[in-house]
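Survey of secondary and tertiary structure
Residues per chain are reported as follows:
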Amino acid sequence: MRVLWVTGGSAALGLGVIGIIFPLLPTVPFLLLAAFCYARGSDRLHLWLIEHPRLGQPILDWQERGAISLRAKCLASVSVLAAFSISLILGVAPFVLAIQAVVLSLVSIFIWTRPSD
């Protein structure tokens, strides 16, 4: 079972790192998932991840205070707007746009109602 947790954590970590490069892919949710998986699969990897100088802080902020940094909130908002704009440009069906608008609005509300650093 530990192998599955470590594999899932590594996949989530990989997606999180890709999200650093491609802003439309969320980074922090994948880092949180990686920490969750590593906590169940490998104490060593979990400790490495939460102590990592760049990747660990968002995880600790969330675990300790449910906080999302102002920078992450701004980047998430830009990503939400970009995703919706791409859908508009591609001419996605109005029904799908409506669903996307509701979901992205709820995500944005959730993000902006969390405490900041």
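What comes next is a walk through the structure. (Residues numbered from 1 in each chain as written. Predicted model: local features only at pLDDT ≥ 70, side-chain atom pairs only at ≥ 80, totals over all residues. Heavy atoms only, no water.)

Along its length, the protein chain carries six helices and zero strands. N-terminal to C-terminal, the α/β element order of the protein chain is α-α-α-α-α-α. The C-alpha extent of the protein chain, read off along each of the three principal axes, is 45 × 30 × 20 Å. For the protein chain, long-range pairs separated by at least 24 residues make up 61% of all intrachain contacts whose partners lie at least 6 apart in sequence. Carbon and sulfur atoms make up 74% of the accessible area of the protein chain, which totals about 7500 Å². (Helix = DSSP H or I, 4+ residues; strand = E, 2+ residues; numbered from the N terminus. Contact = heavy atoms within 4.5 Å. Areas by Shrake-Rupley, 256 points an atom, 1.4 Å probe, with all protein chains shown as cover.)

Right, let's talk about the environment of Ser-10 for a bit. Mapped onto the elements of the fold, Ser-10 is located in helix H1 (residues 2–21). The exposure class assigned to Ser-10 is partly exposed, which follows from its relative accessible area of 36%. (Buried < 20%, exposed > 50% of the residue type's maximum accessible area, 1.4 Å probe, protein only.)

Further remarks concern the nonpolar core. Of all hydrophobic cores here, the largest spans 11 residues; its members are Ala-12, Leu-13, Leu-31, Ala-34, Ala-35, Tyr-38, Leu-45, Leu-49, Ile-50, Leu-55 and Ile-59. Elements with a minimum of two residues in this core: H1, helix H2 (28–41) and helix H3 (43–51). Here this core takes four residues from H2, the largest share from any one element. (Core = buried A, V, L, I, M, F, W, Y, C linked by side-chain atoms within 4.5 Å.)

Moving on: the layout of surface pockets. Approximately 1100 Å³ is the volume attributed to the largest pocket. Pro-26, Thr-27, Val-28, Ala-72 and Leu-75 are the residues nearest the centre of the largest pocket, which is lined by 32 residues in total. Secondary-structure elements contributing two or more residues to the lining of the largest pocket are H1, H2, helix H4 (56–65), helix H5 (70–89) and helix H6 (94–113). Tallied by class, the residues present in the lining of the largest pocket amount to 24 nonpolar, five polar and three charged. (1 Å grid on protein atoms, 1.4 Å probe; cavity = no way out; pocket = protein on both sides within 12 Å on 5 of 7 lines; lining within 4 Å. Points joined across faces, edges and corners; volume = space filled by probe spheres on them. Nonpolar A, V, L, I, M, F, W, Y, C, P; charged D, E, K, R; others polar.)

Inspection of the entire model under this criterion finds one salt bridge. Residue Arg-65 is joined to Asp-61 by a salt bridge in which the shortest nitrogen-to-oxygen separation is 3.7 Å. One end of the pair, Arg-65, and the other, Asp-61, are both in helix H4, four residues apart, so they sit about a helical turn from each other. For Asp-61, a relative accessible area of 5% gives the class buried. (Salt bridge = Lys/Arg side-chain N within 4 Å of Asp/Glu carboxyl O.)

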